[in-house]
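Commentary on secondary and tertiary structure
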Amino acid sequence: METTDQEIIQKILQGQGELYEEIINRYKNGVYSLCMRMLRNNEDARDLAQDAFIKAYQNLDKYNPEYKFSTWIFRVASNLCVDYLRKTKTQNLPYDDKISMPHDTASAEDMYMHSDNKKEIEKAIQDLPDEYRVLIILYHKEGLSYEEMGEVLKLPMSKVKNRLYRARNRLKDALKDIRREESSWTAQELQI
Amino acid sequence: MDCTRASDLIMAYFDGIKSDNEMELFQHIKDCNICAEEFTALEEVINSVEQLEEYVIPDNFEKAILDSIDLNKFAVTKRGIPTVLWVMGTSVAIAFVNIFIYIQYGSVDTTGIYRYFSSLTQFINFTTIVNRVLTIGLSTLINGLHFLNDLPMYFKGMIGAYFVILLLLCGFFVGIHLILIRLTTGQDV
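Residues numbered from 1 in each chain as written. Chains lettered and ligands numbered in written order. Predicted model: local features only at pLDDT ≥ 70, side-chain atom pairs only at ≥ 80, totals over all residues. Heavy atoms only, no water.

Residue and element names in this part refer to chain A. A full pass over the atoms with the stated rule returns 14 salt bridges over all chains. The salt bridge involving Arg40 is made with Glu122; its shortest N-O contact spans 3.2 Å. Separated by 82 residues along the polypeptide, Arg40 in the loop between helix H2 (20-39) and helix H3 (42-58) and Glu122 in helix H6 (residues 117-127) bring together distant segments of the chain. The shortest N-O distance in the salt bridge between Glu148 and Lys68 comes to 2.8 Å. Taken as a pair, Glu148 in helix H8 (residues 146-153) and Lys68 in the loop between H3 and helix H4 (69-88) lie far apart in primary sequence, 80 residues in all. Accessibility expressed as a relative area gives 45% for Lys68, which makes it partly exposed. One network of salt bridges, in which partners are shared, links Asp5, Glu22 and Arg26. (Salt bridge = Lys/Arg side-chain N within 4 Å of Asp/Glu carboxyl O. Helix = DSSP H or I, 4+ residues; strand = E, 2+ residues; numbered from the N terminus. Buried < 20%, exposed > 50% of the residue type's maximum accessible area, 1.4 Å probe, protein only.)

This prediction gives chain B a mean pLDDT of 76; 77% of its residues lie at or above 70. Scored as a complex, the prediction yields pTM 0.59 and ipTM 0.72. (pLDDT = per-residue confidence, 0-100.)

Here the focus is the interface of chain B and chain A. Of the residues lining the interface, 37 residues belong to chain B; the matching set on chain A comes to 46 residues. With both chains or domains summed, chain B and chain A bury close to 3700 Å², and 65% of this area falls on carbon and sulfur atoms. Ranking the residues of chain B by area buried against chain A places Leu52, Tyr55 and Phe74 of chain B at the top, with a combined share of 21%. Counting across the chain B and chain A interface gives three salt bridges. (Contact = heavy atoms within 4.5 Å. Buried area = accessible area lost by both parts, 1.4 Å probe.)

This part covers helix H1 (residues 5-13) of chain A. Residue and element names in this part refer to chain A. For H1, the complete set of buried residues consists of Asp5, Ile8, Ile9 and Ile12. For H1, the angular spread of the buried residues around the axis is 100 degrees, confining them to a single face. Positive backbone phi, approximately 120 degrees, marks Gly15, located one or two places after H1. (Arc of directions from axis to C-beta.)

What follows is the structure in structure tokens.
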């Protein structure tokens, strides 16, 4: 039977610090993925993801075992990402410039890229405001519940729910706009 | 069912919440093109998000973290006598010292206060000033002790610092007690 996070943390707090590596291995994918989708930059995402684990370790004695550790580490990571974005005043940059550059020749490779649903959804997520983006990632990608997201973001559950609904609608509309833009661009290029 | 209600139920459906109105919702979606389009678009978006690939973790991700933290931060150190016993022991010792002083020299003679102060008001004003000085002094002391890192192990942590303050405070008041007895009764203590 796998040791629970709380059991491992209890042992760390009793002096077995080397067990923190197990905690890192359990959550590194989710935390890095969240940072990457928020920041869209490999180096920044890696640095912030590592900072999240370091900060969590430094404050491990303040961790409340009544809550899931995943909720806690995601809270640390999302706060770091939001603070970083505020400081750098990073606006939603285009995920892939090629998609927004209608002057490029319509090569077969471009056509494949433009019809690639994964790129479109990534761009649509990227175009969301930060507070909506984090909700979409935490709920639909990392599988957190409303209650857990409320703990992560320090928001009441009703607010989390409303924001998530708005985020979904914006994502749906953003994807529609991206596809409409691509269709008109593709049609233009094909006429050349 | 109207479209507003359908819209709420569509969201609840994608939350994985089972509803008694689900059949009614799907019937509405069959009949309403707008809601059908909304449902299909949301389904596609949410499925796409859920199927997004995980990113590849950079090499040495864990190593960089483990190198940055002190794995012995929470290591249990050898404890001396628990601080709370020091506090209790000091309080008991101070109490015995004061009882000894009382038995040996008696207590403060309050009438003797008027040898040095023309009125009770003057005495009260004097004690008020002393209290203020004492408060400022203790605040400075507490702030100074906060930065002490290498206290002996039986003065561990802030509880140990408070113990030091308590000891000084008790010693201060015992000293005041003796001085007041000397001043008011004239005894050589």
